[in-house]
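Examining the three-dimensional arrangement
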Amino acid sequence: MTLTEFLDQVHLLRDHAAQHIDAVSTLEDWTTLRNRIVGRKSGRLSELLAILPTLPADDRRTAGAALNAVKLAIEEQLEQRRALLAKAAATAKSLDLTMPGRDPWCGAVHPVTLVIDEIVAIFREIGFTIALGPEAESDWYNFGALNFPPNHPAMDLHDTLYLEGGSLLRTHTSPVQVRTMQQYRPPIRVLAPGRVYRRDFFDATHAPAFEQIEGLAIDEGISFSDLKATLSYFARRFYGGATRTRFGPSFFPFTEPSAQMDVEVDLGDGRGKRWIEIMGTGLVHPAVIEAAGLDSERWSGWAFGMGPGRIAMSRYGLPDIRLLYDSDVRFLAQFAVC
Amino acid sequence: MLISFDWLHAFVPHGETPESLRDLMSAHVATVDGMEQLRADLRPIIIARVLSAVRHPDSDHLWVTKVDDGSGTQLDVVCGAQNVVEGALYPFARVGTIMPTGNKGGILIERRRIRGALSNGMLCSARELGLGEDHDGIMALDLDAQPGTPLLEAMQIGDVRYDVDVLPNRPDLLNHLGMAREIAAITGTSLRLPEELGGEPEPTRLAAGAREASSAGVTVRIEDAAGCPRYMGVVIRGVGVGPSPAWLARRVESVGMRSISNIVDITNYMMHGFGQPMHAFDLAALANRQIVVRCARRGERMTTLDGVDRTFAGHETIITDGQRPIAIAGVMGGLDSEVKPDTQDIFLEVAYFDPGRTRAARRSSGVISDASYRFERGIDPEGSPRALAIAAQLLCAVAGGRVDGVPIDVGAPPSRSAQVTLRPARLSRLLGEAVEAGEIARRLESIGFAVSAGRNDALVVSVPSWRHDVSRDVDLVEEVARLRGYDALSDELKPFRPGTVPDHPFYEIARRLRDSLVGRGLAEVRPLPFVRGEDATHVRVQNPIAENEPHLRTSVLETLAHRAAHNLTRMQGDVRIFEIGSVFSRGDLGSGGRPREEVRVGALIMGARRPPHFTESKVPAFDAWDARALGEGVARVACPGTAIVSIPGHGDVLWRLVSDSGESLGTIERIALDRPAWASEAFGVEISLGRISNAPVAPPGSHAPHEPDPQPRAGHVRFTPLPTTPAAEFDLALVVPDRLMAEQVESAIRRSAGDLLERLVLFDEYRGRELPAGHRSIAWRLTFRDPVRTLRDKEIEGRRQKILRTLEGELGVRARSV
């Protein structure tokens, strides 16, 4: 072996050793590595040391010095690494890793909002935008424009909270239909979530204010079949792919024909699959289209209204509607999102 | 509305089972909310076979039988019936059975000795099971069944009652005839008159008059034609008031009414069977043998059937005998003139009362009766003559009376010449499926519409008198659609055009606010917005739900504070809640206008700043600085594109949030709560998203498209190049007299630091004895950076000196000596 070859071997050892020392991560691995490099019997350094006497005498001094320098450097590196690993091992022992992490407070979305958001997301995918309207409405928007005949028993279904000055707290989100149709040219595809009011006592199953979601689609040639198709699609998305729907007759002054949609679902209450009514719907009554100043021969459409609060109650197994209003933090925390 | 399966079947002999009929009604007519087997109490009764019967050794009328009840053991049963036959099947009540409705209803069958012989159960008679009055012996069953089979499974016993949700547009469904008409159409069966009526009565001559008519010594006069367009009546003499025959009692009971007497039951039978409310007066109680229909006088009084003394408001239509009121028209009869056990002659009222007037009278009197419910919704105005004839025939047959004279008919039914033109093409377009004119006509005719051909392929449809809900072509579209079945229509999704309506700006902002606040650890709430306020500042609900909360809230925090207090009563002190909702102020109410409605976000924080953790023995509570950061953070999300300034406020208002243009956006407040010692202070934030207008978009009947107001939006972020030079930092700890606000010092620092000041952070406040009295120490960290070169130490020191000179010169503030 020439001096040059020997020095190459020494430098190679230096470079490899540095790489391996950096990579070692436990004290055990460190010991194995040290033996492989500086071990007396099988260490790479000992091998080179053994070659040293075979070199020409003139070169031995230079070669010996180089090897020694590398040996010192490696030993230094090994020691540094050992100290680091020993310290880490000691620190690790002082952490009781069974103790809890440090949580921030968790916020929560109201369960009714969870339901609304899910409904809204499905309809947004099929082209619906969001319309909002006032809760303090006029008699005309709440009743007259929606084809309620004055003094009709149908209004008994909507026992109304009247405000001073003749306005009222809207009894449904349907006034938003009329406001939207007055303000925008068809085609219209909107969803109107919002709070509505009825003169009901506040007990386990009734609340004087609750949320409703209105849907409205107006265009040329919209038919009852479109209504069925869209709402059945919604039901399958909301309740699961194979959910069956059925439509039966109903009555709302502002739709004709009027219908209710039932879905066949298992609410998880142990009663198994059964039909439940989830929304009222129908073709928008021509009188409503005309009340908004549109031509009811040219434009037709459908609308629906549903109650996300009722859905939330059955979905989350709430026994009392007042839980949704009481704002008890222990109730709200059950809907935490982190 | 309660509907009896048997009664329906008497009108229309369909072949449906109770279940399939329920489904048909729900799919085509009206939702059936419930279905009740009326003799469910018979469930424990089984069928048993008598194997042998021998005379009881110690009795001349008792039998000792061996009975096979399917259990495998032969039971000894003592029986008192003389008609017991060996080998025959009988209803049997085992030991332990509680007897169903009948003359032994509620009795527990026990093992007992009867004159020394053991009896294990009871063989039942029809009477004991409530299945008839036959008490000649036990009920022999002529059927083929295994002993042990429940009686209800082996034979159709007892009626089934449906609870049908009849909506206000279909008063014609509030009786069995109306519902039967629909069933007949759907099942393709013909209507008939129930057999119990003994055939259709002959139409009779009537004593008719526009305002007044007389017959059989009774005169009827209408003075209030608006309230009572038509009044018919008939005198029936010689009736015997008594219990109803079984079939009549059963009909009345099948719709949940009590059988009272043959006369009253017949009026109820007619109302539930044919939809015509009737009232029977005791003729002897009519002072002048007169019926005068007139408007009540204010303050006039009468005692109604329910024993309540009532005073009239003056607008009610009432029936009088020419002297005093004897009934509130269409609502309830009077106590004095009701049929009594000794009544012999009656006057039967069969009238048409105006729906609106009945509704008003019902409301002011507070009485809801089955009659008012029907008059309010509108009965069949043409149905009265036939109903009167059937009722008279029944009264004579059941109560043994005879009709005196001819029936009286005063006034005229309100005329409705409802004819509707229907174009099959439009119907097909609206349903999304082609329907032939022939099918349309057939469907409509099946429920009483008359259809003839009009011009241009249109159909001219005459509406039957009982249908007040049909006035436009779409009403007929519904009839055709539901009779075919909504479920038969296609539900294939078709392409759609996108709408023209943009999202309401509040929707997107509310969504972001919710995300932000939930991320900050707050929970969304949706409480009721009713409060106790002041009439001068709040909008009052005219008919509030609770008198102690008659106003609408003017702020969200008003509600959140109540909710926080509610949590404190439940020992919950860590409350972090928010709401996005409407608040109401008086707006133009004072000048006859509308209240003003605004959408706001409110947030309330109270309690520990973080959940407990072992690294921190006591978690600090939220304080004003948390509230300030929360408020400013929420304001940035709520008011995109607006620079927000917090201005120190007064009292409980810690800061007012104001836009750079001076517009008030909201407040950050200390919330005054009545809190227990363990609870910490509450802080609130309330910020307005803007007004939601309740002004009309356009006048009724008109369309006024206009562009929405442009909404301020946050612009896109513009990138700032990352620094390439090192920053230089130093701290300034200053001794500040208490009269100076931190902000004054800070703006002096900014002014004197020059434009290389990159960041200025107030990081410490200190008060202590080593400071002069009336002073505190405040410390800032200043970061300087030149974008292109490294700042030299000398330059930095020069700036520090300049800042200190300015502070001393302008404010008298010095660096704190270390």
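Notes on the structure in this doc start here.

Basis of the calculations
Residues numbered from 1 in each chain as written. Chains lettered and ligands numbered in written order. Predicted model: local features only at pLDDT ≥ 70, side-chain atom pairs only at ≥ 80, totals over all residues. Heavy atoms only, no water. Phe/Tyr/Trp six-rings, centres within 6.5 Å; stacked < 30°, edge-to-face > 60°. Helix = DSSP H or I, 4+ residues; strand = E, 2+ residues; numbered from the N terminus. Buried < 20%, exposed > 50% of the residue type's maximum accessible area, 1.4 Å probe, protein only. Lys NZ or Arg CZ within 6 Å of the ring centre and 35° of its normal. Contact = heavy atoms within 4.5 Å. Buried area = accessible area lost by both parts, 1.4 Å probe. Salt bridge = Lys/Arg side-chain N within 4 Å of Asp/Glu carboxyl O. Polar contact = N/O pair within 3.5 Å; in protein donor to acceptor, adjacent residues only side chain to side chain. Nonpolar A, V, L, I, M, F, W, Y, C, P; charged D, E, K, R; others polar. Expected span 1.5 Å × (residues − 1). Pairing = 2+ DSSP bridges. Axes fitted to C-alpha atoms, helices over the stretch in contact; angles between N-to-C directions.

Summed over all chains, the structure comprises 24 aromatic pairs over all chains. Residues F238 of chain A and Y239 of chain A carry aromatic rings whose centres are separated by 4.9 Å and whose planes lie at 85° to one another, so their mutual orientation is edge-to-face. Measuring from ring centre to ring centre gives 5.4 Å for F11 of chain B and F274 of chain B, while their planes differ by 75°; the resulting arrangement is edge-to-face. Here F11 of chain B, found in helix α1 (residues 5-11), pairs with F274 of chain B, found in helix α6 (residues 262-274); they are 263 residues apart in sequence, far enough to count as distant. Its relative accessible area of 1% is what places F11 of chain B among the buried residues. On the basis of relative accessible area, F274 of chain B is assigned to the buried category, the value being 12%. Ring-pair connections join several aromatic residues into one group, and the members of that group are F123, F128, F234, F238, Y239, W302 and F304 of chain A. In this arrangement the basic side chain of R189 of chain A is found over the ring face of F496 of chain B, its NZ or CZ atom lying 3.7 Å from the centre.

What follows is about the interface of chain B and chain A. Listed as interface residues are 108 residues of chain B and, on the opposing side, 109 residues of chain A. It is Y486, V501 and R526 of chain B in chain B that bury the most area against chain A; as a group they hold 8% of the surface buried on that side. On the surface where chain B and chain A come into contact, there are 10 salt bridges. Put simply, R472 of chain B and E290 of chain A hold a salt bridge, and the shortest N to O gap is 2.8 Å. The tally of links from chain B across to chain A stands at 57 residue pairs in polar contact (both at pLDDT 80 or more). Residues of the side of chain B that touches chain A, tallied by class, amount to 52 nonpolar, 26 polar and 30 charged.

Here we come to helix α15 (residues 624-638) of chain B. All names here are of chain B. Over its 15 residues, α15 runs 20 Å from end to end, which matches the ideal 21 Å to within 8%, given 1.5 Å per residue. By the burial criterion, the buried members of α15 are A624, D626, A627, L630, G631, G633, V634, A635 and A638. Turning to α15, the residues buried within the fold contact α13 (505-519), β31 (596-606), β32 (644-648), β33 (653-659), β34 (664-671) and β35 (682-691). At the N-terminal boundary of α15, the capping side chain belongs to D623, with an oxygen 3.0 Å from the backbone nitrogen of W625.

Attention now goes to the sheet that holds strand β39 (residues 814-815) of chain B. In any sheet, the strands associate via hydrogen bonds between backbone groups, in a parallel or an antiparallel arrangement. All names here are of chain B. Sheet architecture is open: four strands sit in the order β37-β38-β36-β39, paired in antiparallel fashion. Edge positions in the sheet fall to β37 (757-766) and β39, since each has one partner strand and no second. Sheet analysis places β37 next to strand β38 (residues 775-784), joined by eight bridges and oriented antiparallel. Looking across to β38, one finds that E765 is bridged to I778. Lying on the sheet, helix α16 (residues 742-753) is in contact with β36 (728-737), β37 and β38; it crosses β38 at an angle near 35°. Across the sheet, helix α17 (residues 793-811) lies against β36, β38 and β39, angled at about 15° from β36, the strand it touches most.

By the secondary structure assignment, R563 of chain B is in helix α14 (residues 556-569). Separated by 248 residues in the primary sequence, R563 of chain B and H315 of chain B place their C-alpha atoms 46 Å from one another.

The subject of this paragraph is unusual backbone geometry. Here the amide bond leading from P186 of chain A into P187 of chain A is cis, since omega sits at 0°, within 30 degrees of zero. Tracing the backbone shows P187 of chain A in the loop between α7 (175-183) and β5 (188-197). The peptide bond linking E256 of chain A to P257 of chain A adopts the cis configuration, its omega dihedral lying at -10°. By secondary structure assignment, the location of P257 of chain A is in strand β8 (residues 255-266). A positive phi angle, near 50°, is found at A216 of chain B, a position not held by glycine. If you trace the backbone, A216 of chain B turns up in the loop between β12 (212-215) and β13 (218-222).

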